[in-house]
Amino acid sequence: MSDTIIQTKSLQFSYPADDREPLPVLDGVDLEIEQGSFVAILGHNGCGKSTLAKHFNAILLPSGGTVYVNGMDTGDGEKLLDIRRTVGMVFQNPDNQIVANVVEEDVAFAPENLGVPPAEIRQRVDDALKAVNMYEYREHAPHLLSGGQKQRIAIAGVIAMQPRCVVLDEPTAMLDPIGRRDVLNTIQALNRERGVTVVLITHHMDEAAQAGRVIVMSKGRVVADGHPKEVFSRVEELRAVGLTVPQTTQLLWELRREGLDTPLDALSDEECAQALYNLLK
Amino acid sequence: MALKDITLGQYFPGNSPVHKLDPRTKLLAVVLYIVALFLASWFISYALMLAALCLSIAISRVPPKAILRGMKPVVFILVFTGLLNLFYTPGGTPLAQVWIFTITLEGVYRAFFMVVRILMLIAGTFLLTYTTSPILLTDGLESLLGPLKKVKVPVHELAMMMSIALRFIPTLIEETDKIMSAQRARGADFDSGSLLQRARALLPLLVPLFISAFRRADELATAMECRCYHGGEGRTRLRQLKYRASDYLTLALFLAITVAAGVLGHFGL
């Protein structure tokens, strides 16, 4: 149990509808997310991945089934703050997550809410800003920063809670390529260097490919779950749920369809090149 | 469009002694200053107030230009109050006759002092918002109004609402600019026509702006909940407010100015 940070048991959820039968958004999701892992949740628009994420820190409560965060039932109102400080969440639009007019005051928001003593808040803020590589901007006004920088501030604001897990709901969707790269590097560093569990919700295949585990969702259910190499090699299944595969896999898959003996688990450019080289040899 | 010129609630980060004052000191000083402005009645007392203002601006190292720029939106109000006082001051020595209006010497003085009073009032409050970060400002307000919590006034909630409103001013201005550009690109005309026509052209601008503001509010509320926000109870602060010697000195000075303005004003100076 201690190794599992988030666990869902036959989780069901539907938004209440007055005039018609409620449509289930989540339809029996069973998941276990291990402490310290880097998990990507993939899926087409409307597949329920954001709704699932909102169950991980009790923003939404299940209509059926249960969600446990570090052993705590999210339905338990008494543990609400404990759950939210364990699992931090970052959303798509950085502008709508930043509360304060000065970077460091925004990062301090969560520890302030938790009643952390001022000296320790200072320490946590500095530490969090260094972790996202934004320390030198601590006295800037957030609205003058770039999208990627703002998103890193939003991540710092969550890290300052010292969560064991960070859930990011399409954090790069509104960013330019440079901002996207910076945010992804930050996320990876968090996972590698600080051992923070990362759940990255995305529809970018190349982002998901960097994770240690990929969960594919469609119509409120988990349709694939495994190592990226394994999941992405199931090209037809992914296409059936409206997803494309990384370009490397796409290339190898097309070649295989033409009757060549190519592996489908070469994800990175180097691996793909090597596979092609082996083929031509 | 001069949307970027709106300076309401803008903060100029800095390290001047004025920036470093406790926000509560600055708030109280501004209140004292406003009281003093209304007590002042003639050149000598106004000169004293002007000296206090200029000295404060000089110490704060806020560029005077920035303060002047902030005056732009109130020019209309200034002209209006000026004219009103000019024409509607009863009695006194008549100077000139315009149609049915009589301009009196008293009227001229009153209009002049009223305009100067408003200008100084605005400059003083601008100095406050220019030198105090909004969060500190709301912290200060929250702390000063703290005693009202005992009579169930939601002081923390009000302070939080104010600081969020200030935080979103630049964001919403940027958004307005974007929507305007998008509508201009499709042929909308905001800059010509009568006042009524221009006001009507703004209507299709307000609808998307409001919708987006509500969506932002919703997302922000969720993000705040995610960061464990649960009201003012048990909240600590990164920056602790603390009165220092300079704060006591400032308050004493402003108290002295207010008393002096009151005394001078009482004797009609």
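Cut-off values and rules
Residues numbered from 1 in each chain as written. Chains lettered and ligands numbered in written order. Predicted model: local features only at pLDDT ≥ 70, side-chain atom pairs only at ≥ 80, totals over all residues. Domains from an automatic or database assignment. Contact = placed C-beta atoms within 7 Å. Helix = DSSP H or I, 4+ residues; strand = E, 2+ residues; numbered from the N terminus. Core = buried A, V, L, I, M, F, W, Y, C linked by C-beta atoms within 7 Å. Buried ≥ 20, exposed ≤ 12 C-beta atoms within 10 Å, placed from the backbone. pLDDT = per-residue confidence, 0-100. Nonpolar A, V, L, I, M, F, W, Y, C, P; charged D, E, K, R; others polar.

### Section: the domain arrangement of chain A
All names here are of chain A.
Inference 1: You can read the domains of chain A as domain 1 (4-245) and domain 2 (246-281).
Inference 2: Here the C-alpha centre of domain 2 lies 32 Å away from the C-alpha centre of domain 1.
Inference 3: At the junction of the two partners, domain 1 supplies 9 residues and domain 2 supplies 7 residues.
Inference 4: Elements with a contribution of two residues or more to the side of domain 1 that touches domain 2: helix H8 (205-208) and helix H9 (228-232).

### Looking at the nonpolar core
Inference 1: In this structure, Ala-156 and Val-199 of chain A are the most contacted members of the largest nonpolar core, which totals 92 residues.
Inference 2: In terms of residues, this core owes the most to one element, helix H6 (residues 147-159) of chain A, which gives 6 residues.
Inference 3: Setting aside its immediate chain neighbours within four residues, Ala-156 of chain A contacts Val-107, Ala-128, Leu-129, Ala-131, Val-132 and Met-134 of chain A.
Inference 4: Ranked by size, the runner-up nonpolar core spans 22 residues in total, among them Ala-40, Ile-57, Ala-123 and Ala-261 of chain B.

### Examining the confidence of the model for chain A
Inference 1: Averaged over all residues, the pLDDT of chain A equals 87, while 99% of them reach at least 70.
Inference 2: Averaged over each element, pLDDT in chain A is lowest for helix H10 (residues 235-240) of chain A (82) and highest for strand S7 (residues 165-169) of chain A (93).

### With respect to the interface of chain A and chain B
Inference 1: In this assembly, 35 residues from chain A lie in contact with 28 residues from chain B.
Inference 2: Contributions of two or more residues to the side of chain A that touches chain B are made by helix H2 (80-86), strand S6 (87-90), helix H4 (109-113), helix H5 (118-131) and H6 of chain A.
Inference 3: Of the residues that constitute the side of chain A that touches chain B, the class distribution is 18 nonpolar, 10 polar and 7 charged.

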